[in-house]
Amino acid sequence: SQALGLSVHSLALDAACASSLYAVAMACYYLHNKKSDLMLAGAVSAADPFFVNMGFSIFQAFPESPHSFSPLDKNSEGLLASQGAGMFVLKRLSDAERDSDKIYAVISGIGLSNDGRGQFVLSPNSKGQVLAYQRAYESSKVPPEKIDYIECHATGTPLGDKVELDSMEHYFAPSELPEEKKIKPLIGSAKSNLGHLLTAAGMGGMTKVILSLQHGEIPATRNVKTAMTSKNKGVSADQIVNKSTPWPHNRPDRRAAVSAFGFGGTNAHLIFESGVKRSKHVDIPKNKNSQIMAIVGMEAIFGGCNGLHEFYQTIYDNKQHFRSLPPERWKGFELHPELSNPPKGAWLQSFEIDFLRFKLQPNLKEHLIPQQLLTLEVTDRAIKKTKLRESQNVAVLGAMETELEIHRFRGRVNLSTQIEDSLMETGIHLNEDERANLINLAKNSLLEDVPTNRFTSFIGNIMATRISSLWDFSGPAMTISAEENSVLRAIEISQILLLEDNVDAVVLTAVDLAGSPEQVMLRQRNFPLNYGDATLSFDKNAHGWLIGEG
């Protein structure tokens, strides 16, 4: 946005593997509500391959051999992760026609949902996927029987592909319908060509669909030898496009849809059309009351303020909460004389959490990162103060940035290999016990022993979807990142979702544990940190920023 001199409406969002479809959906909503006249919406996936591969290995999502990766095939054993980026330029159809733009395709339906409460936060759930289908076709003038082709999420994992086909059967071809009334679009997956692009997966699928609409031909889904079917054969093997196929019915007004289903049950289904010349002016509600949002519940933990009452007292009693660095916060800090003057800050020292309430294993070695635990606690308290009930169509937005502790987490991962290689190169010989002790000391100097589920802590949208799961909310769930503007962007998206009448309510939560050593050292490169007594905002004697957390 800065490089191209564009507007203030810029943000990054995380909806896991549905991120690209969510980005396009949000861009459409911005255009529909006339907050912008042109939007760029896209996705990128270029994560550290070591980190990605280790994570998916722990989740047992990889095939034993690359040759056993085959989306929509019964014998596929898992996914192959890949990298890439894609970008769309979007305008309102009426504006594009007015400006004589080349129109590649028209987006005519959007369905976003969350699985809510399922078997496990990382297991796909048909309930949420079917909701995404329903919402897409309810938002569109295109009935599901007019869809010729559906680009599936289909990653090649046996469970994921099976659940997706069963969801399609439930919506398009339920067993109770007579055969002639069942909807049987062609289906396929670009992941057979590209692998799983993770956050950018939907960009590959959408681009494939748009080009297919343009050229009137659907490319093959590769390497399908033993085709999968849904539970009752409502989605059958002959629907899978296994060779390049002319567009069905040979009609100019072609229609297709794209699905994406992400970790935590984040679902999206978008409808695309070509050959459309039917734009009309869409009135945006002029009633100002429709744009006014009511805040009906809130809660906070800020530094030394545990709850709204203590925050209220702080503001009105003119208190400050700056204190010395808690000894448990920066591990090993006391061993470095050059860091003997730690900054004071509104440090968060501790907070209580009910592990039974949040269905978390009360094992000290298996805990989520504090950022997520704190968010769960504060958000749950806020929701309990409202009249919201479980199973409602409620969106959950989390304003946040990446927890930079991820760098120490990653650094610990293959430290043993690095140490063993270094010992070999320098000719130092240690016995087995000495080598093991050295490796453990080095690892623990970076970060404590890392449990498996810490991987999910660093997937941004999981913070939002855990709240959706806890309350069985079915609205879209995602995290929003725009640095210090993250909350304002999340409020803007809340307003848009409510104006679009897509949800009953929005839960907006924000978190930053800004006092991590990584955060402090990174920010201090550009802005001086206050190492003296705490000053007040707008004070002439203010000399640097102060650490605040919550």
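Per chain, the residues get numbers from 1 upward, laid out in the order the sequence is written. Residues qualify for local features only when their pLDDT is at least 70, as the model is predicted, and side-chain atom pairs are given and counted only at 80 or more; totals for whole chains, interfaces and linings, by contrast, use all residues. In computing side-chain values, all of the structure's heavy atoms are included and hydrogens and water are not.

## Quick look at the environment of Arg251
Inference 1: Within the secondary structure, Arg251 sits in the loop between strand E8 (245–246) and strand E9 (255–262).
Inference 2: Leave out the neighbours within four places in its chain, and Arg251 touches Lys146 and Asp148. For helices the rule is a DSSP run of H or I covering at least 4 residues; for strands it is a run of E covering at least 2, with both sets numbered from the N terminus onward. When checking whether two residues touch, look at their non-hydrogen atoms; a contact exists if any pair is within 4.5 Å.

## What about the confidence of the model for the protein?
Inference 1: Considering every residue of the protein, the mean pLDDT works out to 90; 94% of them sit at 70 or more.
Inference 2: The low-confidence segment residues 284–289 (pLDDT under 50) makes five contacts with residues lying over four places distant or belonging to another chain. Scored between 0 and 100, pLDDT is the confidence that the predictor attaches to each residue.

## Regarding the sheet that holds strand E14 (residues 394–399)
Inference 1: One requirement defines pairing of two strands: DSSP has to find at least two bridges between them. Pairing is mixed across the open sheet formed by four strands, whose spatial order is E1-E15-E14-E16. Both edges of this open sheet fall to strand E1 (12–14) and strand E16 (505–510), since each of them pairs with a single strand only. Put simply, the sheet's adjacent strands are angled 25° from each other on average, direction ignored.
Inference 2: As paired elements, E14 and strand E15 (residues 477–481) share four bridges and run parallel to each other. When the sheet's bridge partners are listed, Ala399 is paired in E15 with Ile480.
Inference 3: Contacting E14, E15 and E16, helix H15 (residues 486–499) runs over the sheet at an angle of about 175° to E16. Lines fitted to C-alpha atoms define the axes, with helix axes restricted to the stretch in contact, and inter-axis angles between N-to-C directions lie between 0 and 180 degrees.

## What to know about the environment of Thr245
Inference 1: Mapped onto the fold, Thr245 is located in strand E8.
Inference 2: Partly exposed residues are those whose accessible area sits between 20% and 50% of the maximum for their type, while under 20% is buried and over 50% is exposed, using a 1.4 Å probe and protein chains only. Thr245 gets classed as partly exposed once you look at its relative accessible area, which sits at 23%.
Inference 3: For the pair Thr245 and Ile218, spaced 27 residues apart in the sequence, the C-alpha separation amounts to 5.2 Å.
Inference 4: One polar contact links the side chain of Thr245 to the main-chain carbonyl oxygen of Lys243, over a distance of 2.6 Å. In protein, a polar contact means a hydrogen-donor-capable atom and an acceptor-capable atom, both N or O and within 3.5 Å, with residues adjacent in sequence counting only if both atoms are side-chain atoms; elsewhere, any N or O pair within 3.5 Å suffices.

## Points about the packing of helix H1 (residues 19–32) against helix H7 (residues 201–215)
Inference 1: The contact between H1 and H7 brings their axes to 6 Å, and the two run at 65°. In terms of their interaxial angle, H1 and H7 are classed as roughly perpendicular. Every residue of H7 that contacts H1 at Ser20, Leu21 and Val24 is listed here: Ala201, Gly202, Met203 and Met206.
Inference 2: When residues are grouped by polarity, Ala, Val, Leu, Ile, Met, Phe, Trp, Tyr, Cys and Pro land in nonpolar, Asp, Glu, Lys and Arg in charged, and all others, Gly among them, in polar. When its residues are assigned to classes, the contact of H1 with H7 shows five nonpolar, two polar and no charged. In what follows, roughly perpendicular refers to angles from 65 to 115 degrees, roughly parallel to angles under 35, roughly antiparallel to angles over 145, and oblique to any angle outside these ranges.

## Side note on the sheet that holds E9
Strand pairing in a sheet relies on backbone hydrogen bonds, with the paired strands running either antiparallel or parallel.
Inference 1: In spatial order, the strands read E4-E10-E9-E5-E6; together these five strands make up an open sheet with mixed pairing. Two strands close off the open sheet at either side, each with one partner strand: strand E4 (106–114) and strand E6 (186–188). Averaged over all adjacent pairs, the angle separating strand axes in this sheet is 15°, with direction ignored.
Inference 2: Its contacts with the sheet place H1 against E4, E9 and strand E10 (266–273), and it is angled at close to 120° to E4.
Inference 3: The sheet contacts of H7 involve strand E5 (149–151), E6, E9 and E10, and relative to E9 the element is tilted by about 175°.

## Thoughts on H15
Given 3.6 residues per helical turn, the α-helix brings residues three or four places apart onto the same face.
Inference 1: With 14 residues, H15 extends 20 Å from end C-alpha to end C-alpha; this agrees with the ideal 20 Å at 1.5 Å per step.
Inference 2: Of all 14 residues that make up H15, 10 are buried, and the element is covered over most of its length.
Inference 3: Those residues of H15 that fall on the buried side of the exposure criterion are Ser486, Arg489, Ala490, Glu492, Ile493, Ser494, Gln495, Ile496, Leu497 and Leu499.
Inference 4: Those residues of H15 that are buried lie in contact with H1, E14, E15 and E16.
Inference 5: Two residues or fewer past H15, Asp501 is found with a positive phi of approximately 60°. To estimate the expected span of a helix, subtract one from its residue number and multiply by 1.5 Å.

## Digging into unusual backbone geometry
Negative phi is the rule for most residues except glycine; trans is the rule for most peptide bonds.
Inference 1: Despite not being glycine, Ala16 shows a phi value in the positive range, around 55°.
Inference 2: Tracing the backbone through its elements, the reader meets Ala16 in the loop between E1 and H1.
Inference 3: Unlike most non-glycine residues, Leu198 shows phi in positive territory, near 55°.
Inference 4: When you line up the elements, Leu198 lands in the loop between helix H6 (191–194) and H7.
Inference 5: For Leu198, a relative accessible area of 11% translates into the label buried.

## Remarks on the nonpolar core
Inference 1: By convention a nonpolar core is built from buried Ala, Val, Leu, Ile, Met, Phe, Trp, Tyr and Cys residues, the set being connected through side-chain atoms within 4.5 Å. Of all hydrophobic cores here, the largest spans 50 residues; its most connected members are Met206 and Met478.
Inference 2: When neighbours within four sequence positions are excluded, Met478 is seen to be in contact with Leu13, Asp14, Ala15, Tyr22, Met26, Val396, Leu397, Gly398, Ala464 and Ile493.
Inference 3: Tyr133, Tyr137, Cys152 and Ala154 belong to the second-largest nonpolar core, a separate cluster that totals 22 residues.

## Regarding the pattern of salt bridges
Inference 1: Salt bridge criterion: a side-chain nitrogen from Lys or Arg within 4 Å of a carboxyl oxygen from Asp or Glu. In total, this model carries 27 salt bridges according to the counting rule given.
Inference 2: One salt bridge connects Lys162 with Asp166, and the closest N-O pair in it is separated by 3.0 Å. Note that Lys162 and Asp166 are positioned in helix H5 (residues 158–172) at a spacing of four residues, about one turn of the helix.
Inference 3: With a shortest N-O distance of 3.5 Å, Glu179 and Lys182 are connected by a salt bridge.
Inference 4: Taking relative accessible area as the criterion, Glu179 reaches 52% and is therefore assigned exposed.
Inference 5: Several salt bridges converge on common partners, so that one network encompasses Asp37, Lys91, Arg92, Asp95, Arg98, Asp99 and Asp101.

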